[in-house]
Amino acid sequence: MKTLIVGAGPVGLATALALKYRCVSDDITVLEAGSENAVAFGDRNIALSSASWRFLAKLGVTVSASERASIREVEITQRGAFGLLRLDATDVAAAELGAASPYPALKAALDNATHAAGIQILYGAKVSSVQHVAQHAEVHLESGEQMRADCVVLADGAGSDLVAEFKRTERDSGQTAIITRVSASKPRRSVAFERFTDGGALALIPRADRDWTVVWARPRVDAERMLQLDTTSLTSEINAAFGNTMGELTLTAKLTSYPLVWRFVEPRASGAIVALGNAAQGLHPVAAQGLNLGLADAQQFADAMAKKSAGIAATLTSFARQRGVDRVTRIGFTGLLAYGFDRGGWLLDVPRGLGLTAVQMLPPLRRQLTRRLAL
Ligand SMILES: Cc1cc2nc3c(=O)[nH]c(=O)nc-3n(C[C@H](O)[C@H](O)[C@H](O)COP(=O)(O)OP(=O)(O)OC[C@H]3O[C@@H](n4cnc5c(N)ncnc54)[C@H](O)[C@@H]3O)c2cc1C
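Residues numbered from 1 in each chain as written. Predicted model: local features only at pLDDT ≥ 70, side-chain atom pairs only at ≥ 80, totals over all residues.

Peer 1: Any details on the overall build of the protein chain? Residues and values, ideally.
Peer 2: Each helix and strand in the protein chain was counted, giving ten helices and 21 strands. Radius of gyration (C-alpha) of the protein chain: 21 Å, near the 21 Å computed for a compact globule of 375 residues. Counting only C-alpha atoms and orienting by the principal axes, one finds that the protein chain spans roughly 60 × 45 × 40 Å. With 375 residues in all, the protein chain has 43% of them scored as buried. The long-range share in the protein chain, meaning contacts at least 24 apart out of those at least 6 apart in sequence, stands at 75%. (Helix = DSSP H or I, 4+ residues; strand = E, 2+ residues; numbered from the N terminus. Rg over C-alpha atoms; globule rule 2.2 N^0.38 Å. Buried ≥ 20, exposed ≤ 12 C-beta atoms within 10 Å, placed from the backbone. Contact = placed C-beta atoms within 7 Å.)

Peer 1: Got a sec to walk through the pairing of strand 16 (residues 212-219)? Specific residues and values, please.
Peer 2: Burial runs high along strand 16: seven of the eight residues are buried. Bridging between strand 13 (residues 167-184) and strand 16 involves eight bridges; their strand directions are antiparallel. Across the sheet, Val182 pairs through a bridge with Trp212, a residue of strand 16. Of the pairings in the sheet, the one linking strand 15 (residues 200-206) to strand 16 comprises five bridges and is antiparallel in character. Within strand 16, the position partnered with Ile205 by the bridge is Thr213. (Pairing = 2+ DSSP bridges.)

Peer 1: Which residues make up the domain arrangement of the protein chain, and what values go with them?
Peer 2: Along its sequence, the protein chain is organised into domain 1 (2-54 + 103-169 + 262-334) and domain 2 (67-100 + 175-260 + 343-374). Placing a centre on the C-alpha atoms of domain 1 and another on those of domain 2 gives a separation of 30 Å. Counting residues at the interface gives 14 residues for domain 1, matched by 23 residues for domain 2. Mapped by element, the contributors of at least two residues to the side of domain 1 that touches domain 2 are strand 3 (45-49) and helix 2 (50-58). A per-element tally of the side of domain 1 that touches domain 2 places strand 3 first, with five residues. A per-class count over the side of domain 1 that touches domain 2 returns nine nonpolar, four polar and one charged. (Domains from an automatic or database assignment. Nonpolar A, V, L, I, M, F, W, Y, C, P; charged D, E, K, R; others polar.)

Peer 1: Can you explain the sheet that holds strand 20 (residues 273-275)? Please cite residues and give values.
Peer 2: Spatially, the six strands line up as an open sheet ordered 8-2-1-12-20-19, and their pairing is mixed. At either margin of the open sheet sits one strand with a lone partner, and together these are strand 8 (120-123) and strand 19 (269-270). Examined bridge by bridge, strand 19 and strand 20 share two bridges and lie antiparallel to one another. By the bridge assignment, Ser270 is partnered in strand 20 with Ile273.

Peer 1: Account for unusual backbone geometry, naming residues and giving values.
Peer 2: Cis geometry is adopted by the peptide bond preceding Pro267, which originates at Glu266 and carries an omega value of -5 degrees. Inspection of the secondary structure assignment puts Pro267 in the loop between strand 18 (256-266) and strand 19. Positioned with a positive phi, Cys23 is a non-glycine residue whose angle comes to about 55 degrees. For Ala93, which is not a glycine, the phi torsion comes out positive at approximately 55 degrees. In this fold, Ala93 is placed in the loop between strand 6 (84-88) and strand 7 (98-102).

Peer 1: An account of the sheet that holds strand 3 is needed here, citing residue identities and associated values.
Peer 2: The three strands lie next to each other as 3-7-4, forming an open sheet whose pairing is antiparallel. The open sheet is flanked by strand 3 and strand 4 (69-71), the only strands paired with a single partner. Ignoring which end each strand starts from, the neighbouring axes of this sheet average 30 degrees apart. In terms of strand pairing, strand 4 meets strand 7 through three bridges, oriented antiparallel. What sits directly across from Ala69, in strand 7, is Ala100. (Axes fitted to C-alpha atoms, helices over the stretch in contact; angles between N-to-C directions.)

Peer 1: Explain the packing of helix 1 (residues 10-21) against helix 3 (residues 103-116) to me, using residue names and the numbers behind them.
Peer 2: Axis separation between helix 1 and helix 3 bottoms out at 10 Å; the angle between their running directions is 30 degrees. With respect to helix 3, the axis of helix 1 lies roughly parallel. Crossing hand, helix 1 versus helix 3: left-handed. For the pair helix 1 and helix 3, the contacting residues are Pro10, Leu13, Ala14, Ala16 and Leu17 in the first and Leu106, Lys107, Leu110, Asp111, Ala113 and Thr114 in the second. For the contact of helix 1 with helix 3, the residue count by class is eight nonpolar, one polar and two charged. (Parallel < 35°, antiparallel > 145°, perpendicular 65-115°, else oblique. Left-handed = near helix turned anticlockwise from the far one by under 90°.)

Peer 1: Hey, could you go over the environment of Arg79 for me, with residue numbers and the actual values?
Peer 2: Note on placement: Arg79 falls in the loop between strand 5 (73-78) and strand 6. The spacing of Arg79 and Ala201 is 122 residues in sequence and 9.7 Å in space, taken between C-alpha atoms. When sequence neighbours within four positions are dropped, the list of residues in contact with Arg79 reads Arg195, Phe196, Thr197 and Ala241.

What follows is the structure, encoded as structure tokens:
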């Protein structure tokens, strides 16, 4: 079977490796618009669940211990009100819930594994459209070249717009994530934090260099104000919002920002074409679910193709249906974190506090939530 994958981001490369691992496709080519030497972007610190790391390890994708920060506990609180929920690896008899790695380290590990597996990547190959041709799909490159395949995977990220019938629903959240790093005077190693503040959630994710990455969703106007602040004022705002659970926080990086837009593509499969990862959905980064969802797409897609008993089109339709529950659950959970907690006032603080405390006091429910998100 010949497979073309559009996009050599983390999801495109994981999909290529998974197809090879499951012996689904003997002819896989990844088409990447960027150049081979493009530096992996951003100061993102990507938190992946234990399930995602297990999947990557199976594919031969390994990140060195010095680039990987273990997450054993996630602590969820709200600013200025009661309520505490602690998701703990020991609750589910696991060594960790997941781990975080800087985006460039993760991308380099995927690049290395793809090269080691002998998968062909064509760089500077920008795709301009993808069309159905009988049972196949045909990719048109900007260069004028055309390539035909039994299956085409769109893993071309948030801007994906190559197939007209894949309709995008987008919703601007009105928020911007501000991103920076902090060190702590009383660090709590291997703990990630989610704290609900007026206007948006604040996440602190541990880093391999022993700092924490801060991702704080702010209403757009407030984010613009914060981007103008000097280091002292910014440090004091972050400390005031986070509280003193880790002592004094000190800023260790510049502030960057990222507009928060939700995206959902439906249908995501048609004929011999399927969309995976950010090409199929875009999530708020506060719950750290975007790439976890993209890797689960890659894994389940390869599984579906390995087991296929019907034709490719029927297999892709059934894959899209099966992914529905995980997709809706993770998008719903992320939406709850992003919007359910972004407004203040005791009328809302009290039920939220009770909700967090109730899950904390109900071990079976807590364990179920922990397993669903991490294992
Ligand atoms: C601030 C921030 C923090 C985040 N933190 C987390 C986290 O902690 N945990 C988590 O799970 N997720 C996180 N995410 C989400 C995660 O970064 C994304 O889900 C993931 O990077 C998406 O990967 P992808 O391969 O689908 O898309 P991309 O990484 O966007 O890759 C798409 C690729 O396709 C190529 N391409 C595009 N168009 C074409 C074309 N026409 N032809 C050929 N090639 C093309 C691009 O050059 C690119 O290489 C975060 C996101 C942000 C913004």
